[in-house]
Amino acid sequence: MHRDHAIFIAALADQARVRLTFFSKEDGHELVRTCAPMDYGPSRRANDRSDRYHFWDYDSDQARHTLSLLANQIRSIERLAEDFDPTEFVTWSPIEWFVPRDWGVYS
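Just so you know, the residues in each chain are numbered from 1, in the order the chain's sequence is written. It should be noted that, the model being predicted, local features are given only for residues of pLDDT at least 70 and side-chain atom pairs only at 80 or more, the latter also being counted only at that level, while totals for whole chains, interfaces and linings use all residues. Here the side-chain values reflect all heavy atoms present in the structure, with hydrogen atoms and water set aside.

Notes on the packing of aromatic side chains
- Put simply, two rings from Phe, Tyr or Trp (the six-membered ring, in Trp's case) pair if the centres are within 6.5 Å, and we call them stacked under 30 degrees between planes, edge-to-face over 60, tilted for the rest. Scanning the entire structure with this criterion turns up nine aromatic pairs.
- Ring geometry for Phe8 versus Tyr53: centroids 5.0 Å apart, planes at 85°, classification edge-to-face. Here Phe8, found in helix α1 (residues 5-14), pairs with Tyr53, found in strand β3 (residues 51-57); they are 45 residues apart in sequence, far enough to count as distant. No difference in accessibility class separates Phe8 from Tyr53, as the two residues are buried.
- Ring geometry for Phe8 against Phe55: centres 5.3 Å apart, planes inclined by 80°, an arrangement best described as edge-to-face. Of this pair, Phe8 sits in helix α1 while Phe55 sits in strand β3, and the two are 47 residues apart along the sequence. Secondary structure is summarised from DSSP: a helix means a run of H or I of at least four residues, a strand means a run of E of at least two, and numbering begins at the N terminus for each. Exposure is judged per residue with a 1.4 Å probe applied to protein chains only, and the accessible area is read against the type maximum: over 50% gives exposed, under 20% gives buried, and values in between give partly exposed.

And the structure:
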């Protein structure tokens, strides 16, 4: 787990956006993004079943806005004063999370 794990979990529960600083393997350097914390657990897409931090990246220039990062890629997670609404990115069903939360119908 990352040292900012508690910040991630609290922001997820409170639906607060975060400022994420992380090392991008694809870009080869650190990036800073405004994100919504989505979940913490293994990636359903990766062969490596290690736990990851999953974010919705509001600043992404790619079609897919989901970031799934290992703890060692993350430099810092800072909670922002802005909220997010799960309707902005939860488009699948059934909705299954690793971390319990109270997001109404998106829980």
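Looking at the sheet that holds strand β5 (residues 74-83)
- Pairs of strands are assigned from DSSP output, requiring at least two bridges between the strands. Overall, antiparallel pairing links the five strands, which are arranged β4-β3-β2-β1-β5 in an open sheet. Of all the strands in the sheet, just β4 (66-69) and β5 have a single pairing partner and so form its edges. Averaged over all adjacent pairs, the angle separating strand axes in this sheet is 45°, with direction ignored.
- Bridge count for strand β2 (residues 29-42) against β3 is seven bridges, and the pairing is antiparallel. Bridging across to β3, Ala36 finds its partner in Trp56.
- The contact criterion used throughout is that any non-hydrogen atoms of two residues lie within 4.5 Å. Whenever a helix is involved, its axis is fitted only over the stretch in contact; in every case the axis is a line through C-alpha atoms, and angles between N-to-C directions fall within 0 to 180 degrees. The sheet strands contacting α1 are β1 (16-24), β2, β3 and β5, and the helix crosses β2 at an angle near 70°.

Here we look at the environment of Arg19
- Within the secondary structure layout, Arg19 lies in strand β1.
- The exposure class of Arg19 is partly exposed, given its relative accessible area of 35%.
- Along the backbone, Arg19 and Pro37 are 18 residues apart, and their C-alpha atoms lie at a distance of 10.0 Å.
- Residues within four places of Arg19 in sequence aside, it is in contact with Val32, Arg33, Ser76, Ile77, Glu78 and Leu80.

Quick word on the pairing of β3
- Counted residue by residue, β3 has six buried out of seven residues, so it is predominantly covered.
- Pairing of β3 with β4 involves four bridges; the strand directions are antiparallel. Bridge pairing links Tyr53 to Leu69 in β4.

Overview of the nonpolar core
- Among buried residues, the Ala, Val, Leu, Ile, Met, Phe, Trp, Tyr and Cys ones that are joined through side-chain atoms within 4.5 Å form a nonpolar core. Residues Leu20, Phe55 and Phe89 are the most contacted members of the largest nonpolar core, which totals 25 residues.
- When residues of this core are traced back to their parent elements, those giving at least two are α1, β1, β2, β3, β4 and β5.
- In terms of residue count, the dominant contributor to this core is β2 (five residues).
- Beyond its immediate stretch of four places on either side in the chain, Phe89 contacts Ala36, Met38, Trp56, Tyr58, Phe84 and Trp103.

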